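# Structural description and commentary
Single-letter residue listing:
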Amino acid sequence: MATINGDALRGHLETLVLSALRRGDAHGFEILRRLEESGSGALKLKEGSLYPALYRLEAAGMIKGKWEDSATSRRGPRRRIYHLCRKGRRRFDEARGEFQQFTSIIGGILGASA
Amino acid sequence: MNQLMIHVERIVRPVRARQSRKLRMRRELLGHLQAAMEEERGKGADEVAAFEQAKQRLGDPAELTRELQRAVPWFEWLLLARTPDKWNGWEKRAGKWFGIYDPGTIGNWLILYGSGAIAVLIICIVSPRVPPQVRTAVFVDELNHPVHTKVILAVVWTMQWLWLYIGMRFLSAAAVPIGRFRPWRAIRIGILMLATQAFLMILIITQIVRRSPTLPEMAQSLGVALLLLGAGILVGRGVAKLRRPYDEWLALDVKA
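A short tour of the structure in this document, coming up.

Reading guide: rules and limits
- Residues numbered from 1 in each chain as written.
- Chains lettered and ligands numbered in written order.
- Predicted model: local features only at pLDDT ≥ 70, side-chain atom pairs only at ≥ 80, totals over all residues.
- Heavy atoms only, no water.
- Buried < 20%, exposed > 50% of the residue type's maximum accessible area, 1.4 Å probe, protein only.
- Helix = DSSP H or I, 4+ residues; strand = E, 2+ residues; numbered from the N terminus.
- Pairing = 2+ DSSP bridges.
- Contact = heavy atoms within 4.5 Å.
- Buried area = accessible area lost by both parts, 1.4 Å probe.
- Salt bridge = Lys/Arg side-chain N within 4 Å of Asp/Glu carboxyl O.
- Axes fitted to C-alpha atoms, helices over the stretch in contact; angles between N-to-C directions.
- Parallel < 35°, antiparallel > 145°, perpendicular 65-115°, else oblique.
- Left-handed = near helix turned anticlockwise from the far one by under 90°.
- Nonpolar A, V, L, I, M, F, W, Y, C, P; charged D, E, K, R; others polar.

Residue and element names in this part refer to chain A. With burial as the criterion, only one face of strand 5 (residues 80–84) is covered, namely that bearing Arg80, Tyr82 and Leu84; the residues Ile81 and His83 on the opposite face remain uncovered. Direction of pairing for strand 2 (residues 26–27) relative to strand 5: antiparallel, over a ladder of two bridges. Note on strand 5: the bridge partner recorded for His27 is Ile81.

Okay, structure coming up:
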């Protein structure tokens, strides 16, 4: 399967992050893992670009981040756990509708099934 | 760990954002790099290969810096934007004399705006009570000319602004490096600030009211300056304390 890289995902990354967070709260690395899993390995993100997207979503009030409890037994720096807010959930539903419409129109023009 | 931190610091240091925001970026990217390295090691890579692979996965550092910068609210960027070096040259020289220069500790615009705003506050609240001559001239219009009031306000504001600007610059520098407050530096700064305030006071009174200031007037003015200086030192100590979590990052040598 051909891979989809970061450039092709431009403009969709935020929606993808919201989608990953619908499965439950997660830190950055886990979000990435979920996305790669959902994309069956075909998604190739520049991993660093996830964080600016998370900051933008948080600033827009769509997700909320919280540092994990320092009492956890895991080694290494504390991780920031992100939670999908109601606003983010709404935005995700809108974006999904817009994307379905987009693929059906463009798919129709290109003669591909949407 | 140090290599990972250096890589993260190369990405985050050039970003213009407040320190707490940058610390968060650092921690998250470091955590991510560590997790990526662990994953690569799990696939059988040795330490060096795992590090290189994790770096590659994170993406081009310069591009990531730009992306992170775009995620910073514009007003924060504006406050922390770098002013041209020619504006700061005098500061560097004076700071070196005091042994305290550390550029970019607090954003230049923040200090420019901040000192301006505080000067306005002082003019509105404190200054009318400080040099009685100025207050009289401004509020009673002793000089009997409407233009004078505005000129006096402008002169007093500019002088207070200058005084605060110098003070904030030096206090900001005194709080580094890093995480320790240096009392002797603060004392030297204090002497400079008080001398500046005394000079401004004499200038204001002699130029505007055209007589020498009396001793109680000088004492009153210096009293206010001391209060402001005390507040500044407390802020400086607070800044130094707040900076502690950033020390290990700021101490890293990120030059390639």
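Bringing the interface of chain B and chain A into the picture now. Each side of the interface is counted separately: chain B has 19 residues, and chain A has 18 residues. The contact between chain B and chain A buries some 1,800 Å² in all, and 59% of this surface belongs to carbon and sulfur atoms. A per-residue breakdown of the area chain B buries against chain A is headed by Arg24, Glu28 and His32 of chain B, which together make up 35% of the total. In this assembly, chain B and chain A are joined by three salt bridges. Here Glu39 of chain B ties to Arg33 of chain A by a salt bridge, and the two come within 3.7 Å at their closest N and O atoms.

This brings us to the packing of helix 4 (residues 50–59) of chain A against helix 2 (residues 19–42) of chain B. A pair of packed helices is captured by two measures, namely the crossing angle of their axes and the spacing between those axes. One way to put it is that helix 4 of chain A packs onto helix 2 of chain B with a least axis distance of 11 Å and a crossing angle of 135°. In terms of orientation, helix 4 of chain A lies oblique with respect to helix 2 of chain B. Crossing of helix 4 of chain A over helix 2 of chain B shows right-handed handedness. On helix 2 of chain B, the residues that touch Tyr51, Tyr55 and Glu58 of chain A of helix 4 of chain A are Arg24, Met25, Glu28, Leu29 and His32 of chain B. For the contact of helix 4 of chain A with helix 2 of chain B, the class distribution of residues is four nonpolar, one polar and three charged.

Looking now at the sheet that holds strand 5 of chain A. Taken in spatial order, the three strands of this open sheet run 2-5-4 (chain A), and their pairing is antiparallel. Both edges of this open sheet fall to strand 2 and strand 4 (63–67) of chain A, since each of them pairs with a single strand only. Seen against the sheet, helix 4 of chain A touches strand 4 and strand 5 of chain A and runs at an angle of roughly 110° to strand 4 of chain A. In the packing of helix 2 of chain B onto the sheet, contacts are made with strand 4 and strand 5 of chain A, and the angle to strand 5 of chain A comes to roughly 100°.

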